[in-house]
Amino acid sequence: MAIAADALPKVTLMVGGIDKQIYLEYQLAQSLGMFKKYGVDMQLSTEQAGGVGAEDAMISGQVDMAGAWYVHTIDFQQKGKDVINLIQLAVAPGERIMCATGSNVKTPADWKGKSVGVTDIGSGTDDLVSYVSTRAGLTSKDYTKIAAGQGQTMIAALKYNKAVCGITSQPTVNAITKLKVGYSAIDLSTGEGTQKWLGGDYPAAGVLVRGEWLKDHQKEAQAVVNALVATLAWMKSHTAADVADVMPKDFVSNQLVSKDEYIAALKADWGQFNLEGLGKMPANGPQTVFDIQKAAGKVTGTVDLSKTYTDQYVDAAIKAEGL
């Protein structure tokens, strides 16, 4: 017998851009009824441009959980805050560095003396651009970074020569390609591309919680992880088209993308999702993220990486599901 939603414990989770493909598992789990099935009444929300970020909403207690990048656990630990990543949904950032048509940029070394667009100064995409540039032998004085946002603002930056390249994810990648404004020069959207340009798996989207909240909400935390592990398992046996069919219609068909384009883009970037690990943290992932943060000058003290994530809830879910 189905449990009434009001009889289930309520959990709030803010996502760092709920309609982005890099963050699709949270909404997919909701659309498939997984949260309810595993015993939580999940209230999803999304961060708004210019509003509070998902990780900041979580740390301040506005929401219980953040659908955000693992990297924030390292940043928070340095500020004396205990934040834990409960499940790792992605092994690549799901981003591509798109370069303006005719620019002939093939590697980061080619943008020397030029401007590169990032989502926001100080953001995760900013750090990724810094790191690939450093690996290509550039210093921060060799090029300029500008805040170009995503969607129409990133497209405009490339189109009107404000930036020679810009880092962004789907569906903006598709729109840039379709409009012939730019092309994909550096692929950080798959495990293979991430290994090439970053030197290892890059755990991106996950579920972040405060250690204090986790202590008092073991049952809810396990239920959320169970639902997301089941969603990853569902994805393993389904296609990009199946995903598009169950997602909200305005996510898969809007001014940036048609449903067919959404499916094609998702298929191309399918390798970003942690389907083989079913949510377990990749072995070298935390160290890769740490190295990137250090290169970006964001590691000022010691960090205990073992305290930034746990696989215990994923392991329990895998065991319970017989996966």
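Conventions we followed
- Counting of residues starts from 1 at the beginning of each chain's written sequence and follows it residue by residue.
- At least 70 in pLDDT is required for a residue's local features to be given in this predicted model, at least 80 for side-chain atom pairs to be given and counted, and no such filter applies to totals for whole chains, interfaces and linings, which use all residues.
- As a convention, hydrogens and water are excluded, and side-chain values are obtained from all of the structure's heavy atoms.
- Stacked, edge-to-face and tilted are the three classes for Phe, Tyr and Trp ring pairs, Trp counted by its six-membered ring, which pair at centre distances within 6.5 Å; planes under 30 degrees apart are stacked, over 60 edge-to-face, the rest tilted.
- Partly exposed residues are those whose accessible area sits between 20% and 50% of the maximum for their type, while under 20% is buried and over 50% is exposed, using a 1.4 Å probe and protein chains only.
- Numbering of helices and strands runs from the N terminus, with a helix taken as a DSSP run of H or I at least four residues long and a strand as a DSSP run of E at least two residues long.
- For two strands to be treated as a pair, DSSP must find at least two bridges joining them.
- The distinction between a cavity and a pocket rests on a 1 Å grid over the protein atoms alone: a 1.4 Å probe fits inside a cavity but cannot get out, while a pocket stays open yet meets protein on both sides within 12 Å along at least five of seven lines, and a residue with an atom within 4 Å of a point counts as lining.
- Grid points are joined across faces, edges and corners, and a volume is the space filled by probe spheres set on the points.
- All residues other than Ala, Val, Leu, Ile, Met, Phe, Trp, Tyr, Cys, Pro, Asp, Glu, Lys and Arg, Gly among them, are scored as polar; the first ten of these are nonpolar and the last four charged.
- In this context, the arc is that of the directions from the helix axis out to the C-beta atoms.

Q: What should I look at first to understand the packing of aromatic side chains in this one?
A: Given two aromatic rings, one states the distance between the centres and the angle between the planes to describe the pair. A full pass over the atoms with the stated rule returns 4 aromatic pairs. Seen from their ring centres, Tyr-23 and Tyr-26 are 6.3 Å apart, and the 45° between their planes marks the pair as tilted. In this structure Tyr-26 comes out as buried when scored by relative accessible area, which is 0%. Centre to centre, the rings of Trp-69 and Tyr-202 are 5.7 Å apart; their planes meet at 70°, and the pair counts as edge-to-face. Taken as a pair, Trp-69 in strand E3 (residues 65-69) and Tyr-202 in the loop between helix H8 (191-198) and strand E10 (205-210) lie far apart in primary sequence, 133 residues in all. For the pair formed by Trp-69 and Tyr-202, the shared burial category is buried.

Q: I tried to follow the pairing of strand E1 (residues 10-15) on my own but got confused; where do I start?
A: Pairing of E1 with strand E2 (residues 41-46), which is carried by 6 bridges, proceeds in the parallel orientation. Of the residues in E2, the one forming a bridge with Leu-13 is Leu-44. Across 3 bridges, E1 lies against E3 in parallel orientation. Note that in E3 the partner of Val-15 across the bridge is Gly-67.

Q: It is not clear to me how the layout of surface pockets should be interpreted in this structure. Could you clarify?
A: In this approach, a probe sized like a water molecule rolls over the atoms, and the result shows the empty space that is left. Counted as a void, the largest pocket has a volume near 1400 Å³. Looking at the largest pocket, it is lined by 48 residues, and the ones nearest its centre are Gly-16, Lys-20, Glu-47, Thr-119 and Gln-150. Looking at the lining of the largest pocket, the elements with two or more residues in it are helix H3 (54-59), E3, helix H4 (71-78), helix H5 (124-135) and strand E8 (165-169). Residue composition of the lining of the largest pocket, by class: 13 nonpolar, 24 polar and 11 charged.

Q: What exactly am I supposed to notice about helix H6 (residues 152-159) here?
A: Side chains that are three or four residues apart share a direction in an α-helix, a result of its 3.6 residues per turn. Looking only at H6, the buried set comprises Met-154, Ile-155, Ala-157 and Leu-158. Projected down its long axis, H6 carries its buried residues within an arc of 160°, all on one side. Residue Asn-161 follows H6 closely and has a positive phi angle near 60°.

Q: Quick question: what am I supposed to make of unusual backbone geometry here?
A: Where the residue is not glycine, phi is negative for most of them; where a peptide bond is considered, it is trans in most cases. Omega for the bond connecting Gln-170 with Pro-171 falls within 30 degrees of zero, at 10°, which places this linkage in the cis form. For Asn-104, which is not glycine, the phi torsion reads 60° and is therefore positive. Structurally, Asn-104 is set in the loop between strand E5 (95-100) and strand E6 (115-118). One non-glycine residue with positive phi stands out, namely Asn-161, at about 60°. Along the chain, Asn-161 falls in the loop between H6 and E8.

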